[in-house]
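The primary structure of each chain is shown beneath.
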Amino acid sequence: MAEEQVKKHRTPPDPNSAKYKLGQIAAKAYQDAFDAKVRGEKIGWCASNFPVEIPETLGIAVVYPENQAAAIAARGFGQQMCEISEADGYSNDICAYARISLAYAKTKDCEGQQVPMPDFVLCCNNICNCMIKWYENLAKELGIPMIMIDIPFNPDYDVPESEVAYVKAQFLDAIHQLEKITGKKWSPEKYKEVMEYSGRSSRAWLAATATAKYEPSPFNGFDLLNHMAVMVTARGKKEAAEAMELLLKEYEQNHAEGKSTYRGEEKYRIMFEGIACWPYLRATSHGLKDRGINMVTTIYADAFGFIYKDFDDMCAQYCKVPNAINLEYARDKRVKLCKENKVEGLLVHTNRSCKLWSGFMPEMSRQIGEECGIPVASFDGDQADPRNFSEAQYDTRVQGLTEIMEANKEG
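It should be emphasised that the depicted structure is a prediction, and the values quoted were computed from it without experimental measurement.

A. Looking closely at the pattern of salt bridges. If you walk through the whole model with that rule in mind, you get 26 salt bridges. Two residues, K106 and D88, come together in a salt bridge whose shortest N-O distance is 3.0 Å. With K106 in helix α6 (residues 96-107) and D88 in the loop between α5 (78-87) and α6, the pair connects residues that are 18 residues apart, well separated along the chain. Classification of D88 by relative accessible area gives partly exposed; the value is 44%. Between R200 and E245 there is a salt bridge, with its nearest N and O atoms 2.8 Å apart.

B. Helix α9 (residues 188-210), seen in detail. For α9, built from 23 residues, the straight-helix expectation of 33 Å at 1.5 Å per residue is met to within 8% by its first-to-last C-alpha distance of 32 Å. Regarding α9, the residues found buried are Y191, V194, M195, Y197, S198, G199, S201, S202, A204, W205, A208 and T209. Turning to α9, the residues buried within the fold contact α3 (53-58), α10 (221-233), α11 (238-257), α13 (299-302) and α14 (311-317).

C. View of the packing of helix α12 (residues 281-289) against helix α18 (residues 391-410). At a minimum axis distance of 10 Å, the contact between α12 and α18 shows a crossing angle of 25°. The pairing of α12 with α18 is recorded here as roughly parallel in orientation. Seen from above, α12 lies across α18 with right-handed handedness. Taken together, the residues of α18 that come into contact with α12 (itself represented by A283, T284, G287 and L288) are E391, Y394 and V398.

D. Layout of the sheet that holds strand β1 (residues 44-46). Read from one edge of the open sheet, 4 strands run β2-β1-β3-β4, paired in parallel fashion. The sheet is open, and its two edges are formed by β2 (62-63) and β4 (146-149), each paired on a single side. Where β1 lies against strand β3 (residues 120-124), 3 bridges are found, and the strand directions are parallel. Counted as the bridge partner of W45 is V121 from β3.

E. Local environment of the side chain of E66. Assignment of secondary structure puts E66 in helix α4 (residues 65-74). Buried E66, no salt bridge; nearest opposite-charge side chain is R235, N-O distance 11 Å. In contact with E66, not counting residues within four places along its chain, are C46, A47, S48, Y97, I127, M131, W134 and Y135.

F. Looking closely at the environment of I293. For I293, the location among the structural elements is in strand β6 (residues 293-297). For I293, a relative accessible area of 2% translates into the label buried. With residues near it in sequence (within four places) discarded, I293 still touches Y262, Y268, I270, L288, V398, T402 and M405.

G. Spatial organisation of the pairing of β4. Every second residue of β4 is oriented toward a common face, the buried set being I147 and I149 and the non-buried set M146 and M148. Across 4 bridges, β3 lies against β4 in parallel orientation. Its bridge partner being in β4, L122 is matched across the sheet by I147. Regarding the hand of the β-α-β motif, the stretch spanning β3, helix α7 (residues 130-142) and β4 is right-handed.

H. Representation of the confidence of the model for the protein in the model. Summary statistics for the protein give a mean pLDDT of 94 and a share of 97% for residues scoring 70 or more. Across residues 1-9 the pLDDT falls below 50, and counting only partners more than four positions away or on other chains, this stretch makes 0 contacts in the model.

I. Structural detail: unusual backbone geometry. Between E215 and P216 the backbone carries a cis peptide bond, its omega angle lying at -5°. Secondary-structure assignment places P216 in the loop between α9 and α10. Here K108, not a glycine, exhibits a phi torsion of approximately 60°, which is positive. According to the relative accessible area criterion, K108 is partly exposed, its value standing at 46%. At K342, a residue that is not glycine, the phi angle is positive and equals roughly 55°.

J. Representation of the pairing of β6. Of all 5 residues that make up β6, 5 are buried, and the element is covered over most of its length. Relative to β6, strand β5 (residues 268-273) is paired through 4 bridges, and the arrangement is parallel. Paired with R269 across the strands is N294, a residue of β6.

Definitions and limits used
Residues numbered from 1 in each chain as written. Predicted model: local features only at pLDDT ≥ 70, side-chain atom pairs only at ≥ 80, totals over all residues. Heavy atoms only, no water. Salt bridge = Lys/Arg side-chain N within 4 Å of Asp/Glu carboxyl O. Helix = DSSP H or I, 4+ residues; strand = E, 2+ residues; numbered from the N terminus. Buried < 20%, exposed > 50% of the residue type's maximum accessible area, 1.4 Å probe, protein only. Expected span 1.5 Å × (residues − 1). Contact = heavy atoms within 4.5 Å. Axes fitted to C-alpha atoms, helices over the stretch in contact; angles between N-to-C directions. Parallel < 35°, antiparallel > 145°, perpendicular 65-115°, else oblique. Left-handed = near helix turned anticlockwise from the far one by under 90°. Pairing = 2+ DSSP bridges. Lys, Arg positive; Asp, Glu negative; His and termini not counted. Right-handed = clockwise from strand over helix to strand, strands pointing away. pLDDT = per-residue confidence, 0-100.

Structure follows, in structure tokens:
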């Protein structure tokens, strides 16, 4: 009865707000894929850092297993799906996104987030090499082709011309393969349009996240974790560019009016490092908010802002995503965010699912802490498997971080 009363008096979302528009765009990406499937078109499953500009330009509908797995985990179905894969022999040491996706490929059903089954998969290993085996298994189990783009780890700051040429050849080959599979044709004019929308979306998104420089921040950092889904799936679309520009306008207006989507007094400002614990979003957000802590910045959100001037430059940008760059460059990008956004502490998610990301974090976070003069705390968790997170441990680590930030302010 009480729950019904809460629902009855809940303020309906403003259809003119950026939050509502971004939510509609994210939902439409799934519906577009279902509709294309009904029309008899070929649709794909796509890795999040595969160049979205390629299927967007070709007019091919794709869905993102990582986004689907995050939604499934956030809605409480992560463990159920992981256990299906584990019963088939997949180790619980591999990425929970992969386990959820492989389970969905088998069951073709999950209340947490339905997606149409693919006719091909698009893989790119600038995220991790687990992605390769995950998508190879999807292709084998479903009997469909896999298009693979290899983006090497870059030990330097700049992307060498040789790497750009290597990656560009693969991008072009992927385009040709997709033309054969789907019967659709590449259009340079359409690519130019997609590139312009992607640039608009990215510039507005990065400017919106950068409004955290204001004190207090005009937004709650956990908002970014929801809004970034559009940057993954739809940044090359006109509606995404317009919605991101509206988001930036709203954040600037919040600052001008002294408002924020962060409810409460912003006593401390932190950077959150790593992927969110989707099954425990409420616990992790309230563990901060209850202590007056706002997560004002995270590299995870900014990572999906791609700005480039032409096709070759686009290739270079995909060589500079967080998991494809060296420790020094990755550290300096984070130090810049900490300093620009007046961060007072760093909270690191040691993510059992993402071993590449978490593996170099002890040394990187140590260097960030020293460079910025801020305390660092870490907690164990998982992006999608709820069995690998302890709310009590999280609470203890956040409390310790709070006490150090408090002492630093007093000092």
